[in-house]
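Fold and contact review
Below, each chain spelled out in residue letters.
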Amino acid sequence: MTHIPIQLPFKGFTEQSQFSAVPPGMTPSCVNMMPSDVWNGRVRISTRNGTQHFSEGAVQFMGTYRIYEGTTLVEKIIFVRAGVVYYANPRASLPATPVAFGDGTTQTTPFLNTTGLVEGVQFNEHYYFVDGDHYVLVHLATPASATAVTVWGEASPKHGPFHTDPGTITSGCRATLICRWGSRLVLAGYKNTPNIWYACSPDDTWPVAGSSGGSLVDGWSGSNPIGAITGTTANEYGTLGDPIVAIFPFAQSGLMFACTNSFSFLTADPVLSFDSEVQMVSLTRSIGIAGRRAFCQSQEKGAFILANDGLYYLNANDFNFNRANRVSAGRLDSFFLRLDFGTPAIGGTGPLAGGTLRSLIGPDGTGSGAKIKILTTAGSVTEEPDAETIDIAASVSSLVGGLATGEVFPCLCYDPDREGVWVFLSVSGVEQSSLHLYYDLKTDSFWPQRFADPLMYGPSSACYIGTSRTDTGRLFLGSAESIAIIDKAYPIGVDGYSDGIESDPDLQRAQFIRSSLTMGPIIAPLPYRLQINEVRVDLANDQYELPDSWTDASERPIISVSTGDTAQSALGLQSDSLFVTNLNPLVIDCEDATPPASPVVYNGGNAAATHTERIDGRFATRPFGQFTQADPFTAGTARIYNGPGEWLIRWDTSPSPDDRWTIERVISTGPTAYEIEYQQVTADEGSPDGVMENMIQDPVAPDIADSARVAGASFPNSEVTEIGQLYPGRNEAFKCRIRAEAAYLTIASDGRPWSIERISVAAGQVGKSRGGVP
């Protein structure tokens, strides 16, 4: 039988097409994959490099600066943590030791707010910071001096950026946005006047030491002919109508104002240019930026911008901005329309969504709803869980569900070495539900990403140190927990690598990069079926070799075939179904049990004795499995999903502190009363998807919460056949006899990097389908 080559999806992920006709070169499901292999950068689909710990602690701002140390130009990381400004060598051994600017006593009392976002920019040998309440100046050339960090200007009499403040000072009323524009610093983001901006005089941005008096020309006074450009004084140039969300230099000499519902572009400095050369161009009146860090500048002086409806690319020569600039159009429209970024700042409660991930759960399919079959070495198929199995410790993880509660904070970073854009979409409060995107310019493709490191689920800031003659490129990620790096040269199969993880298999498994790539569908023309008899796969020959100190707990990639009566059922997506899984399943190991010193009660319901270590076994039927919407004509919080036994998912108005989705059961009628087992961590009117916490059970391990994950993707009509493990290089043919109307091929792994070279199947038509609905 002729082998059919399967086209590899170099065009990336899509969720717009019909299930039976995925566009050529695209995939309806993938995660943690990229179109550049982890060993030598060739354009072939590969797993993502893992992250490594750089430094622990919350990050309010992170960037880079360059400065001469003697005659050597160096580049360093600068960041703000708890209001204190630090710097670090980006090539330092891990974990790095950041150093606070100053002589050890300079920042004992932080100059900046200890919480909330901070923005900063380098200007010559100084770094300037704003946070809505403070203006701070860092002297980069003397990082260890007592005056390395100072207040930028004076509040009384007003000098420096204090000239831009309103007459009445309230909390958070000062500038929150800053950028460098040619020889000027530009401020914006004022709470009370969000549509106003200011630009300083060139190279004269703070008072001379020891000077005083209001007549001093300090670059912000407005009395200087080349002083502040603003929308409120005599030398105003362009008062914008919308609140300004982000500002950045653009094109040859322009300044971009990204607002809540518009973009405007100042083509040149109105003071230092001829009037005929200066225009305030309105690029669009219908598109707004998603957040203050939802942009990045790229090659050829262009910019990538994340708007409310997708990712846009703006060329430096473009003087209009419309839907034609949206590079995510036709692929991720529904994905972005289900996000709610808020206006004008980041906010909202809409769910992330888009596609499904075929992620293998275990040998018996527990937690997926799918019917799992294991192909034995003899070539037969069995459904018995004690048959020859291929274990892969993956959890239910779909791009449709399990993502959706909390505010979504976007952050973009351009990666010059990989020639792509990282789009980080961090969900506040439930960062583990965050789903991110990587956009590859070479192949014009999107690739969903998830991080498995508990300290780096959701980056809120990022910067890149490029490849040099002696060092590889490093992507730096900052979150509310830590700083991490992705080093281009290290194909690590775990996220959050740090000393000690190499000898701890359990910690490795918890932080494995779970990679999955789906190809297909292979579909027979109506009304026929097809039979797959053989699958052949060539992987990259590169071996995943670990140091001798490593206890390698990773699993080789598994290839599986998912089938169904239709392409949609083969992929396993149902819009009216939810699936609930337990994130912390109880395992009781009674091996070598000895009587405890004090009694531990296993609570069977109304046990009189109490103990902090008890197991609640109140119900024979646990609320895990498939839930189906009871009434398809209801929407919003009126939806009710019926599940196993008496369990249901509904919007409940009784939980504390506010209304939210719950998993509960009826305990009384007339009037109806409910008992809540699980409720949302963060209330979300739009969707029950995401992580829920148990409100009754007292677990054996109090430090590990008993939680449930509600996902919008279920697999009840899908049948998955695992047909073998893959090895580097050419694999032997996998013999099988799988009959179905439609099938997808999926390669998935836990903690093991791999790249795919090619794949083919031997398939043929075997007769008409006998299924269908009358």
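In this text the structure is predicted, and so the values were computed from the model without any measurement.

The helix and strand tally for the protein chain stands at three helices and 49 strands. Counting over 774 residues, the protein chain shows a buried share of 55%. Total accessible area on the protein chain stands at roughly 31,800 Å², and carbon and sulfur atoms take up 50% of it.

This next bit is on the nonpolar core. One finds Ile 532, Val 535, Ile 756 and Ile 759 to be the most contacted residues of the largest nonpolar core, which totals 86 residues. With residues up to four places along the chain from it excluded, the contact list for Ile 759 reads Ile 4, Pro 5, Ile 6, Leu 8, Met 519, Val 535, Arg 536, Val 537, Ile 559 and Leu 745. One finds Tyr 65, Phe 129, Leu 140 and Ala 148 within the second-largest nonpolar core, a separate group that totals 18 residues.

Let's shift gears to the sheet that holds strand β30 (residues 461-465). Reading across from one edge, β5-β32-β31-β30 is the order of the four strands in this open sheet, with antiparallel pairing throughout. Strand pairing shows two members of the sheet lacking a second neighbour, β5 (52-56) and β30, which therefore form its edges. Each strand axis lies, on average, 20 degrees off the axis of its neighbour in the sheet, ignoring direction. Here strand β31 (residues 474-478) runs beside strand β32 (residues 482-487); their pairing, made up of five bridges, is antiparallel. Bridge pairing in β32 places Leu 475 opposite Ile 486.

Moving on, we get to the packing of aromatic side chains. Going through the model one piece at a time under the given rule, you end up with 23 aromatic pairs. Geometrically, the ring pair formed by Phe 61 and Phe 129 is edge-to-face, given 5.6 Å between the ring centres and 85 degrees between the ring planes. Of the two residues, Phe 61 is situated in strand β6 (residues 61-69) and Phe 129 in strand β11 (residues 126-130); the sequence distance between them amounts to 68 residues. Judged by its relative accessible area of 0%, Phe 129 falls in the buried class. Here Tyr 190 and Tyr 198 contribute two aromatic rings whose centre-to-centre distance is 5.5 Å and whose plane-to-plane angle is 80 degrees, an arrangement assigned as edge-to-face. A single burial state applies to Tyr 190 and to Tyr 198, both of which are buried. Counting every residue linked through ring pairs, the aromatic cluster contains Phe 123, Tyr 128, Tyr 135, Trp 152 and Phe 162. Positioned above the aromatic ring of Phe 123 is the side chain of Arg 180, whose terminal nitrogen or guanidinium carbon lies 4.3 Å from the ring centre. Positioned above the aromatic ring of Tyr 674 is the side chain of Arg 650, whose terminal nitrogen or guanidinium carbon lies 3.9 Å from the ring centre.

This next bit is on the side chain of Thr 443. Position of Thr 443 relative to the elements: it lies in the loop between β28 (436-440) and β29 (445-449). Beyond its immediate stretch of four places on either side in the chain, Thr 443 contacts Phe 10, Lys 11, Pro 35 and Val 43.

Counting through the fold element by element, Thr 176 comes out in the loop between β13 (149-151) and β14 (177-181). Take Thr 176: its relative accessible area is 15%, and that puts it in the buried class. Among all residues touching Thr 176, those that are not within four sequence positions of it are Glu 119, Val 130, Asp 131, Gly 132, Ala 188, Gly 189 and Arg 292. Reaching out from Thr 176, the side chain makes a polar contact with the backbone oxygen of Gly 189 at a distance of 2.7 Å.

The subject of this paragraph is the pairing of strand β27 (residues 420-427). For β27, the buried fraction is high: eight of the eight residues fall into the buried class. What you see with β27 is no split at all: Gly 420, Trp 422, Phe 424 and Ser 426 on one side and Val 421, Val 423, Leu 425 and Val 427 on the other are buried throughout. Bridge count for strand β26 (residues 408-415) against β27 is eight bridges, and the pairing is antiparallel. Bridging from a neighbouring strand, Asp 415 pairs with Gly 420 of β27. Hairpin connection between β26 and β27: a loop of four residues separates the two successive antiparallel strands, and Glu 419 in this loop has a positive phi of roughly 60 degrees. In terms of strand pairing, β27 meets β28 through four bridges, oriented antiparallel.

This brings us to the sheet that holds strand β18 (residues 254-259). Taken in spatial order, the four strands line up as β17-β18-β19-β20 in an open sheet, and their pairing is antiparallel. This sheet does not close on itself; its edge strands, each paired only once, are β17 (244-250) and β20 (280-284). Shown here is a sheet whose adjacent strand axes are inclined to one another by a mean of 20 degrees, direction ignored. Sheet topology note: the β18/strand β19 (residues 263-266) ladder contains four bridges and is antiparallel. Across the sheet, Phe 257 pairs through a bridge with Ser 264, a residue of β19.

What follows covers the confidence of the model for the protein chain. Residues of the protein chain with pLDDT of at least 70 account for 76%, and the chain-wide mean is 79. Ranking the helices and strands of the protein chain by mean pLDDT puts strand β8 (residues 84-88) first, with 97, and strand β25 (residues 381-382) last, with 44. Note on residues 379-406: pLDDT is under 50 here. Beyond four places in sequence and across chains, it has 116 contacts. In the predicted structure, residues 610-614 sits below a pLDDT of 50 and forms 15 contacts with residues beyond four places in sequence or in another chain.

This next bit is on the side chain of Thr 14. Among the secondary structure elements, Thr 14 is positioned in the loop between β1 (3-5) and β2 (30-31). On the basis of relative accessible area, Thr 14 is assigned to the buried category, the value being 2%. In this structure the side chain of Thr 14 is engaged in a polar contact, spanning 3.3 Å, whose partner is the backbone nitrogen of Gln 16. If we ignore the near neighbours within four places in the chain, the residues touching Thr 14 are Val 22, Pro 23, Met 26, Thr 27, Pro 28, Gly 330 and Arg 331.

Moving on, we get to the pattern of salt bridges. The final tally for this structure, using the stated rule, is 30 salt bridges. One salt bridge in this structure joins Arg 331 and Asp 444, with 3.3 Å as the shortest N-O distance. One end of the pair, Arg 331, is in the loop between β23 (310-314) and α1 (333-337); the other, Asp 444, is in the loop between β28 and β29, and 113 residues separate them in sequence. The class for Arg 331 is buried, based on a relative accessible area of 9%. In this structure Asp 444 comes out as partly exposed when scored by relative accessible area, which is 28%. A salt bridge links Asp 652 to Arg 650, with the nearest nitrogen and oxygen atoms 3.0 Å apart. For Asp 652, a relative accessible area of 6% corresponds to the buried category. Residues joined by salt bridges that share partners form a network here, namely Asp 37, Arg 44, Asp 542 and Glu 757.

Once that is clear, we can look at unusual backbone geometry. Both trends apply: most residues other than glycine have a negative phi, and most peptide bonds are in trans. The omega torsion of the bond from Gly 520 to Pro 521 falls at 10 degrees, within 30 degrees of zero and hence cis. Put simply, Gly 670 and Pro 671 share a cis peptide bond, and its omega is -5 degrees. Residue position: Pro 671 is located in the loop between β42 (660-668) and β43 (673-680). Unlike most non-glycine residues, Asn 32 shows phi in positive territory, near 55 degrees.

Conventions we followed
- Sequence positions are assigned chain by chain, starting from 1 and proceeding in written order.
- Totals for whole chains, interfaces and linings use all residues, but because this is a predicted model, local features are given only for residues with pLDDT of at least 70 and pairs of side-chain atoms are given and counted only at 80 or more.
- For side-chain calculations, the full set of non-hydrogen atoms in the structure is used, while hydrogens and water are omitted.
- Helix numbering and strand numbering both begin at the N terminus, where a helix is a DSSP run of H or I of at least 4 residues and a strand a DSSP run of E of at least 2.
- Each residue is placed in one exposure class: buried if its accessible area under a 1.4 Å probe, protein chains only, is under 20% of its type's maximum, exposed if it is over 50%, and partly exposed if it falls in between.
- To be clear on the numbers: accessible area is Shrake-Rupley with a 1.4 Å probe, and residue cover counts the displayed protein chains and nothing else.
- Buried Ala, Val, Leu, Ile, Met, Phe, Trp, Tyr and Cys residues that are joined via side-chain atoms within 4.5 Å together make up what is termed a nonpolar core.
- Contact between two residues is taken to exist if any of their heavy atoms lie within 4.5 Å; hydrogens are not considered.
- Two strands make a pair as long as DSSP finds a minimum of two bridges between them.
- Only the stretch in contact is used when fitting a helix axis, every axis being a line fitted to C-alpha atoms; angles between N-to-C directions are given from 0 to 180 degrees.
- Each pair of aromatic rings taken from Phe, Tyr and Trp, with Trp reduced to its six-membered ring, is defined by centres within 6.5 Å and is described as stacked if the planes are under 30 degrees apart, edge-to-face if over 60, and tilted in the remaining cases.
- A ring is scored as having a charge over it whenever the NZ atom of a lysine or the CZ atom of an arginine sits within 6 Å of its centre and within 35 degrees of its normal.
- For this analysis, a polar contact is any N or O atom pair within 3.5 Å, provided that within protein one partner can donate a hydrogen and the other can accept it, and provided that sequence-adjacent residues contribute only side-chain to side-chain pairs.
- The pLDDT score gives, residue by residue, the confidence of the prediction method on a 0 to 100 scale.
- For salt bridges, the criterion is a side-chain nitrogen of Lys or Arg within 4 Å of an Asp or Glu carboxyl oxygen.

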